[in-house]
Amino acid sequence: MQEGRFIYLAGFGVEKRLILATAKNIREVFGFEVRFSYITLSPRLGYNPYRRQYHASTILESLSRVHYPDMLKFAALLSFDLYEEGLNFVFGLAQLGGRYAVVSTYRLKSEDERLFFERVFKEVNHELGHTLGLMHCKNKKCVVRFSNSLQDVDAKSRFFCENCSKILPKP
Ligand SMILES: [Zn+2]
Ligand SMILES: [Zn+2]
């Protein structure tokens, strides 16, 4: 099958304005065109009532059944809190070198909407970077640097460093 050209973006419980702004950010940073996916997820999918959080890899696995013929990558923005075993929470999760990525907006919130949107862009770019084969980078400004806290997220840029940019595929 021919490799798709579009990055698909889906939102679950996320404002449309944020989805549109995220699409613009993806076009700017990756150069790929974005299409929107309107699939639905079962509302209890991955829900853990003891933790009152959603299991990120269960959601990622379910999303990986979604396919479009012209799809290069698929990123989902979710409003609910995600976790993985052994971690209190995760900002997002992606398949390294795969097609699918999820990002939660839950822990990125700020009174300052610009800051909130910027954080979401960073985490989306980070997870999409993983799907494009990038591993964590040590460069302090690089978006694919590991972030474990909001301070870490705020300290990096939404862009890839020169080295990582060289590895990214060109549209
Ligand atoms: Zn990462
Ligand atoms: Zn880098």
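The residue numbers shown here count from 1 along each chain, following its written sequence. To label them, take the chains in the order written and letter them from A, then take the ligands in the order written and number them from 1. Local features in this predicted model are restricted to residues of pLDDT 70 or higher, and side-chain atom pairs are both shown and tallied only at a pLDDT of 80 or more, whereas totals for entire chains, interfaces and linings draw on every residue.

S.K.: Can you walk me through the pairing of strand 2 (residues 33-36) in this structure?
M.R.: Look at any regular strand and the pattern is simple: side chains alternate between the two faces of the sheet. Strand pairing is assigned whenever DSSP detects at least two bridges linking the two strands. Per the convention used, a helix needs a DSSP run of H or I reaching at least four residues, while a strand needs a run of E reaching at least two, with both numbered from the N terminus. Bridge count between strand 1 (residues 6-12) and strand 2: four bridges; the pairing is parallel. Among the inter-strand pairings, Leu9 is bridged to a residue of strand 2, identified as Phe36.

S.K.: What's the story with the nonpolar core in this structure? I'm lost.
M.R.: The tendency in soluble globular proteins is for nonpolar side chains to be buried as a group. Formed by 42 residues in total, the largest nonpolar core has its most connected members in Ile7, Ala56, Ala75, Ala76, Leu82, Val102 and Val103. Secondary structure elements with two or more residues in this core: strand 1, helix 1 (16-30), helix 2 (56-63), strand 5 (71-78), strand 6 (82-83), strand 7 (92-94), strand 8 (100-104) and helix 3 (113-131). Each residue is represented by a C-beta atom placed from its backbone, and any two residues with such atoms within 7 Å are regarded as in contact. Not counting the four nearest positions on each side in its chain, Ile7 is found in contact with Ile26, Phe30, Phe32, Val34, Leu72, Lys73, Ala75 and Leu128. By definition, a nonpolar core groups buried Ala, Val, Leu, Ile, Met, Phe, Trp, Tyr and Cys residues that connect through C-beta atoms lying within 7 Å of each other. Once C-beta atoms are placed from the backbone, each residue is buried if 20 or more other C-beta atoms lie within 10 Å of its own, exposed if 12 or fewer, and partly exposed for counts between those two.

S.K.: Can you help me understand the sheet that holds strand 2 in this one?
M.R.: Two pairing modes exist for strands in a sheet, parallel and antiparallel, and in both the strands are linked by backbone hydrogen bonds. Within the open sheet, the five strands sit side by side as 2-1-5-8-7. Their pairing is mixed. In this open sheet, the two edge strands, each paired with only one partner strand, are strand 2 and strand 7. The sheet shows a mean angle of 20° between the axes of neighbouring strands, taken without regard to direction. Bridge count between strand 1 and strand 5: seven bridges; the pairing is parallel. Following the sheet pairing, Phe12 is matched in strand 5 by Leu78. What counts as an axis is a line fitted to C-alpha atoms, over the stretch in contact for a helix, and the angles between N-to-C directions run from 0 to 180 degrees. Its contacts with the sheet place helix 2 against strand 5, strand 7 and strand 8, and it is angled at close to 135° to strand 8. Against the sheet, helix 3 touches strand 1, strand 5, strand 7 and strand 8, its axis set at about 160° to strand 8.

S.K.: For this particular structure, what's the right way to read helix 3?
M.R.: Each α-helix winds once per 3.6 residues, and so residues spaced three or four apart point in a common direction. To estimate the expected span of a helix, subtract one from its residue number and multiply by 1.5 Å. When the terminal C-alpha atoms of helix 3 are compared, their 27 Å separation across 19 residues agrees well with the 27 Å that a helix rising 1.5 Å per residue should span. Looking at helix 3, one finds that the buried residues are Arg119, Val120, Phe121, Lys122, Glu123, Val124, Asn125, His126, Glu127, Leu128, Gly129 and Thr131. Phi turns positive one or two residues past the end of helix 3, at Gly133, with a value near 95°.

S.K.: Which parts of the structure should I look at to understand the sheet that holds strand 3 (residues 47-48)?
M.R.: Reading across the sheet, the three strands line up as 3-4-6 and stay open at both edges, with mixed pairing between neighbours. Here the strands that pair on one side only, and so sit at the sheet edges, are strand 3 and strand 6. One ladder, built from two bridges, connects strand 4 (residues 53-55) with strand 6; its direction is parallel. Pairing of His55 across the sheet is with Tyr83, part of strand 6. In this fold helix 2 packs onto strand 4 and strand 6, with an angle of close to 50° to the strand it touches most, strand 4.

S.K.: Would you take a moment to explain unusual backbone geometry for this structure?
M.R.: Outside of glycine, negative phi angles account for most residues, and trans bonds account for most peptide bonds. Unusually for a residue other than glycine, Arg52 sits at a positive phi of about 55°. Tracing the chain through its elements places Arg52 in the loop between strand 3 and strand 4. Owing to 10 C-beta atoms within 10 Å, Arg52 belongs among the exposed residues under this scheme.

Worth remembering: the numbers are spatial, not functional.
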